[in-house]
Amino acid sequence: MIPTIPFKHATLALLLLGPLLPGCATHTPPAARADAQAPTPAAVLATMERVADWQLAHPSAHAPTHWTQGVGDAGFMVLANLSGSRTYRDAMAAMGERNGWQLGPRAYHADDHVVGQTYAELYLQLRDPAMLAPLKARFDAILAEPHDGTLKFTVPGNQDRWSWCDALFMGPPAWARLTAATGDARYLDHAVAAWWRTSDYLYDKDEHLYYRDSNYFARREANGRKVFWARGNGWVMAGLARTLQYIPADHPARARFEQQFRAMAAKVLALQQADGLWRASLLDPAGYPARETSGTALFAYALAWGVNQGLLDRAAFEPGVRRAWTALVASVQPDGKLTHVQPIGQAPTGFADDATEVYGVGAFLLAGSEVFRMALLERAVPRTVRVTNPGDFHRADETIELPLAPDSPQALAVMETGTSRLLPTQRIGDTLLFQANFAPRERRRFLLLPASALPALAPPDVKVHARYVPERYDDFAWESDRIAHRAYGPAILHVPNEHVGSGVDVWLKRVRRPVVDTWYKRGEYHSDHGEGLDNYSVGTGRGCGGTAIYRDGKAYPSSVYAGWKVIADGPLRAVFELRYDAWSAAGRQVAETKRISIDAGANFSRVESRYTSDQAGALPVAVGIAQRKGDGRLVRDTSASWMSYWEPESAPNGHTACAIIVPGQATRAAVDGGDALLVGTAQPGQPFVHYLGAGWSESGDFPDAQAWEAHVRNVAQRLAVPLRVTGPE
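Predicted model only: the values in this text are computed from it and were never measured. (Residues numbered from 1 in each chain as written. Predicted model: local features only at pLDDT ≥ 70, side-chain atom pairs only at ≥ 80, totals over all residues. Heavy atoms only, no water.)

1. Brief notes about the overall build of the chain
Now for step 1: Within the chain one finds 17 helices and 28 strands.
Now for step 2: For 729 residues, the compact-globule estimate of 2.2 N^0.38 gives 27 Å, and the C-alpha radius of gyration of the chain, at 29 Å, lies within 12% of that figure.
Now for step 3: For the chain, the C-alpha atoms occupy an extent of roughly 95 × 55 × 55 Å along the three principal directions.
Now for step 4: Restricting the contact set of the chain to residue pairs at least 6 apart, pairs at least 24 apart contribute 69%.
Now for step 5: With an accessible surface of roughly 27200 Å², the chain has 52% of that area assigned to carbon and sulfur atoms.
Now for step 6: In the chain, which carries 74 positive and 76 negative side-chain charges, the distance between the mean positions of the two groups comes to 4 Å. (Helix = DSSP H or I, 4+ residues; strand = E, 2+ residues; numbered from the N terminus. Rg over C-alpha atoms; globule rule 2.2 N^0.38 Å. Contact = heavy atoms within 4.5 Å. Areas by Shrake-Rupley, 256 points an atom, 1.4 Å probe, with all protein chains shown as cover. Lys, Arg positive; Asp, Glu negative; His and termini not counted. Charge placed at Lys NZ, Arg CZ, Asp CG, Glu CD.)

2. What about the sheet that holds strand β24 (residues 656-661)?
Now for step 1: Strands sit in the order β17-β18-β19-β20-β27-β24-β23-β22 across an open sheet of eight strands; the sheet is antiparallel. On the outer flanks of this sheet lie β17 (563-569) and β22 (633-637), each paired with one strand and no other. Looking at each pair of strands side by side, their axes are set apart by 15° on average, direction ignored.
Now for step 2: Two elements, β22 and strand β23 (residues 642-646), share five bridges in a ladder whose sense is antiparallel. Opposite Val635, over in β23, you have Ser644 as the bridge partner. (Pairing = 2+ DSSP bridges. Axes fitted to C-alpha atoms, helices over the stretch in contact; angles between N-to-C directions.)

3. Brief notes about the confidence of the model for the chain
Now for step 1: Mean pLDDT over the chain stands at 93; residues scoring 70 or higher make up 95%.
Now for step 2: Here residues 1-34 is modelled with pLDDT under 50, and outside its nearest four sequence neighbours on either side it reaches 44 contacts, counting other chains as well. (pLDDT = per-residue confidence, 0-100.)

4. Points about the packing of helix α7 (residues 129-144) against helix α9 (residues 172-182)
Now for step 1: Where α7 contacts α9, the two axes come as close as 11 Å, and the packing angle between them is 115°. As the angle between them shows, α7 and α9 are arranged roughly perpendicular. Two packed elements cross with a definite hand, and for α7 against α9 that hand is left-handed. In contact with Leu132, Leu135, Lys136, Phe139, Ile142 and Leu143 of α7, α9 contributes Ala174, Trp175, Leu178, Ala181 and Thr182.
Now for step 2: Looking at the contact of α7 with α9 residue by residue, the class counts come to nine nonpolar, one polar and one charged. (Parallel < 35°, antiparallel > 145°, perpendicular 65-115°, else oblique. Left-handed = near helix turned anticlockwise from the far one by under 90°. Nonpolar A, V, L, I, M, F, W, Y, C, P; charged D, E, K, R; others polar.)

5. Details of the pairing of β24
Now for step 1: Taken across its six residues, β24 has six buried, putting it largely inside the fold.
Now for step 2: Burial along β24 is two-sided: the residues Thr656, Cys658 and Ile660 and Ala657, Ala659 and Ile661 are all buried.
Now for step 3: Bridge analysis of β24 against strand β27 (residues 687-696) gives six bridges, and the strand direction is antiparallel. Along β27, the bridge assignment pairs Ile660 with Leu692. (Buried < 20%, exposed > 50% of the residue type's maximum accessible area, 1.4 Å probe, protein only.)

6. Focus: helix α14 (residues 314-330)
Along an α-helix, residues three or four positions apart point the same way, because every turn accommodates 3.6 residues.
Now for step 1: The first and last C-alpha atoms of α14 sit 24 Å apart over 17 residues, in line with the 24 Å expected at 1.5 Å per residue.
Now for step 2: Extensive coverage of α14 is indicated by the burial of 12 of its 17 residues. (Expected span 1.5 Å × (residues − 1).)

7. Section: unusual backbone geometry
Now for step 1: A cis amide bond links Gly570 with the next residue in sequence, Pro571, at an omega value of 15°.
Now for step 2: Each neighbour pair has its own omega, and for Gly727 with Pro728 the value is 5°, a cis peptide bond.
Now for step 3: Structurally, the position occupied by Pro728 is in the segment after β28 (724-726).
Now for step 4: Backbone geometry places Asp397, a non-glycine residue, at a positive phi of 50°.
Now for step 5: For Asp397, the position within the fold is in strand β4 (residues 395-403).
Now for step 6: Since its relative accessible area comes to 13%, Asp397 is described here as buried.

8. So, the environment of Leu151
Now for step 1: As for its placement among the helices and strands, Leu151 is situated in the loop between α7 and α8 (167-170).
Now for step 2: Residues Leu151 and Trp162 lie 11 residues apart in sequence; the distance between their C-alpha atoms is 7.3 Å.
Now for step 3: If near-sequence neighbours (up to four positions away) are discounted, Leu151 is found in contact with Arg161, Trp162, Ser163, Arg197, Thr198, Tyr201 and Ser214.

9. Regarding the sheet that holds strand β13 (residues 505-509)
Now for step 1: Read from one edge to the other, the open sheet built from five strands follows the order β10-β11-β12-β13-β14, with strand pairing classed as antiparallel. What marks the edges here is a single partner per strand, and that holds for β10 (465-469) and β14 (532-533).
Now for step 2: The pairing of β10 with strand β11 (residues 475-479) spans five bridges and is classified as antiparallel. Each bridged residue has a counterpart across the sheet, and for Tyr468 the counterpart in β11 is Phe476.

Next up, the structure:
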């Protein structure tokens, strides 16, 4: 039974219920009836870039951490996620470097937090700990000493809380992104609780709009209606969208956010004017007839995002989005200047037609990102990939392996559904790789598109590399953006005073870019020049994760590798093989081929060994870690088949860490000389898989042994409980 609805709410109710009721014709306001021509993805992107280029050429005079700049930065980041040029992300990274990754000066004020949204998004792509450290420190301090109290705007200190509606764009998305970046749910929990305190105070449940702050509760427009500022409500709707992007689908708070988003969207659409814009006063548009683009852009962004997410009925809302976009584009001058932006304020007011502001540009770019997606999906039918994290733990930079049909397009693109970001991909044969982050138990969707449907794709960041190094005695080196390793080849056996074998070397990194080629070219890597160094000693032992056959209480390792083959070299995964010629393991001849891979964002390499032997039967295989003299910390978990070693400090270069994981095997602990071992079992001709990983106390990732061991446990959990991938469908 459908409840009886008072007449004054009938339009709102139909917009809310229409998508849910079979045969119910959704009301479409007059402003949305005349359908504007659908733009092309290329046209949308070109306009976004033209507006962004003008802003870069005419930088705002506001302080770099001012809220106006932070909103602009948010727009530049969504453009960076779609553009074929690295110009816009480079501009944001340079901004962060200039700012020292600091927030604004007011510790609790949401306006001074908005720039943190961009810092967190850059961190999620580049994983430089410096990008996140000040944001995390600031929010940790707020959680430790919350400034609770009234939201009444006339009370001193009220803006230490989210007492004005703009704050719901500035603050909550930054807190939500910090949870996505760290896996720490406290930040999202804070944002959720604080949002609803503000909503309960400022949200008018009859009008489905927000007052700007408590000063406006009793004020009225010239026509007698309540004062609801367009840009203020635009901040809220865009804040809802940007917060929902990082609230997992099964989060208990999500349904309430979606409900408010739908209610506001229906009201806002009903208030759109015939020219596609919203006026500064939502309920008295005639009192403020000037064109206004910042509020319109925020509404267009939120409504388009809602349509693209399936939260809003496409037939009802898409025409309004198109009309809004057409009106916004009409406010862009030929040189790219966006006009008709209401200056900084807190209520409806008049202003010059050619007024512009960086926050208006940010809102325009946000709107463009979702209009781009809307236009793209009208021209290309995507296939959906569904991925579930079945574990009760966070996963960062998890690689998703998607099997492809043989007739799949050679070049494919993957879009993140929540944010419309185009993700870096790599194809290896009939497998497509991409990466994503997952909250505990989170379910996510991704869209698979032919790359030919897109105007451009930015070159992906190359985060892995593997190569043969003939200029240094046949070394073979490989690296991710976190760590580097090398194995030794045949030429080194002829070098006097070099005593090495098949152990694995570790190169320590404090930068998130490839270093192997640079260090070999320089010819000196045993000193830290600001990027890291090689101060690891391998000798003839196992180093960090080398293998040996273990018989009668003794390890029998191979010599150096005899042959190599590179299978893939980035940008997300490097894969290669090393061949080890036969050697005697207590009278049994054994040969080995290792297939090694390392992924972007990973401290661990996967090693798949296949053995051949002159005798039948199982082979006991030991995986080892070299131990040092001094106060190191060795931890074994044989039930989970992993072992970690935190080396004694090597001043001034801190601590090196190493770990090995042998998933799916029952292992036992052993020792051989200076090597601690985990011993498992291999069958000739069958894969024996282990993971070797290393870290550094000076990298910014692992300040102590406990942090390293927590990471090792997380990797072991991820291996034991893999992602569930379905599709493409």
